[in-house]
Amino acid sequence: MKTYKETVILTSNGQRVTYHNITDQVKEIVNKSGVQNGIVVVQSQHTTCSVMFEEYVHDKDFNGDEFLQVDLNRILDRIIPRELTDNRDYRYPGPEHLQFLIDFEDPTFPKDPGTILNGDAHIRASFFGASETFIIENSKMLTGAVGYIYFIDWDQNRVRDRKCHVMVMGE
């Protein structure tokens, strides 16, 4: 069995939920892998991001978001509202976790507690999950004619680079 892995770096906009259509990148990675028959796993390592398989929608709003994504965001905003202040609508992050994050030894992680008010992003990511797996047959992913792969950053508190791992396995 052959394996091949690449990481796609994606930049979130930091102002609203960010949807990245990564279908072409994943297809190119599958092509580079040389795997004829097997699987490809597309995975986020971030706890506020998801990978989702959905229909591509040609209509977009003024932000460039597809209508299906806009509809999804509206529904989620009703059931999982944004955590904009420490008004205790969310118990997360809690004092011990906040201290852990402030003490965290990572120069890319801001020490601003306001960027940690993202309980809503964690819940949304939990609902949708961190990965999707696709079958490869005759060097092609079995995604149908309108199925596309999206990497979603639910966190709306700051701009940052995100990593999407793609692992191809098979023969």
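Everything here concerns the structure above.
Procedures and definitions
- Residues numbered from 1 in each chain as written.
- Predicted model: local features only at pLDDT ≥ 70, side-chain atom pairs only at ≥ 80, totals over all residues.
- Heavy atoms only, no water.
- Helix = DSSP H or I, 4+ residues; strand = E, 2+ residues; numbered from the N terminus.
- Contact = heavy atoms within 4.5 Å.
- Polar contact = N/O pair within 3.5 Å; in protein donor to acceptor, adjacent residues only side chain to side chain.
- 1 Å grid on protein atoms, 1.4 Å probe; cavity = no way out; pocket = protein on both sides within 12 Å on 5 of 7 lines; lining within 4 Å.
- Points joined across faces, edges and corners; volume = space filled by probe spheres on them.
- Nonpolar A, V, L, I, M, F, W, Y, C, P; charged D, E, K, R; others polar.
- Pairing = 2+ DSSP bridges.
- Axes fitted to C-alpha atoms, helices over the stretch in contact; angles between N-to-C directions.

Trainee: Sorry if this is basic, but what is going on with the environment of Tyr150 here?
Mentor: By the secondary structure assignment, Tyr150 is in strand 7 (residues 147-153). C-alpha of Tyr150 to C-alpha of Ser126: the two residues are 24 residues apart in sequence and 16 Å apart in space. Ignoring anything within four residues of it in the chain, the contact list for Tyr150 reads His20, Asn21, Ile22, Ser50, Val51, Met52, Glu54, Glu55, Tyr56, Val57, Glu66 and Gln69. In this structure the side chain of Tyr150 is engaged in a polar contact, spanning 2.9 Å, whose partner is the side chain of Glu66.

Trainee: Can you help me understand the environment of Arg124 in this one?
Mentor: With respect to the secondary-structure elements, Arg124 resides in helix 4 (residues 119-128). Distance from Arg124 to Ser12, taken between C-alpha atoms, is 16 Å for residues 112 residues apart in sequence. Aside from chain neighbours lying at most four places away, what touches Arg124 is Val17, Ser50, Leu76, Asp77, Ile80 and Trp154.

Trainee: Just to check I follow, could you spell out empty space enclosed by the protein for this structure?
Mentor: The gaps of empty space that remain are located by a probe, the size of a water molecule, rolled over the atoms. Across all of its chains, the model carries one cavity of 30 Å³ or more by this definition. Quantified by volume, the largest cavity comes out at close to 30 Å³. Around the largest cavity, the lining residues are Arg82, Glu83, Leu117, Asn118, Asp120, Ala121, Trp154, Asp155, Gln156 and Asn157. Of the residues in the lining of the largest cavity, the class split is three nonpolar, three polar and four charged.

Trainee: How should I be thinking about the layout of surface pockets in this particular structure?
Mentor: Taken as a whole, the largest pocket encloses approximately 570 Å³ of empty space. For the largest pocket, the lining is made up of 23 residues, of which His46, Phe109, Arg158, Arg160 and Arg162 are closest to its centre. Secondary-structure elements contributing two or more residues to the lining of the largest pocket are helix 3 (95-103) and strand 8 (161-170). Element by element, the count of residues in the lining of the second largest pocket is highest for helix 2 (residues 67-79), at four residues.

Trainee: Would you mind going over the sheet that holds strand 2 (residues 18-21) with me for this structure?
Mentor: For sheets, the rule is that strands pair by backbone hydrogen bonds, running either parallel or antiparallel. Read across the sheet, three strands follow the order 2-7-4 without closing on themselves; strand pairing throughout is antiparallel. Lying at the two open borders of the sheet, with one neighbouring strand each, are strand 2 and strand 4 (49-55). Averaged over all pairs of adjacent strands, the angle between strand axes in this sheet comes to 30°, irrespective of strand direction. Of the pairings in the sheet, the one linking strand 4 to strand 7 comprises seven bridges and is antiparallel in character.

Trainee: I would appreciate a short explanation of the sheet that holds strand 5 (residues 131-137) in the present structure.
Mentor: Read across the sheet, five strands follow the order 1-8-3-5-6 without closing on themselves; strand pairing throughout is antiparallel. In this open sheet, the two strands that pair with only one neighbour each are strand 1 (2-11) and strand 6 (140-141). As paired strands, strand 3 (residues 38-44) and strand 8 are joined by seven bridges and run antiparallel to one another. Note that in strand 8 the partner of Val40 across the bridge is Val168. Across the sheet, helix 1 (residues 23-33) touches strand 1, strand 3, strand 5, strand 6 and strand 8, and the angle it forms with strand 1 is around 155°.

In short, geometric facts, not functional conclusions.
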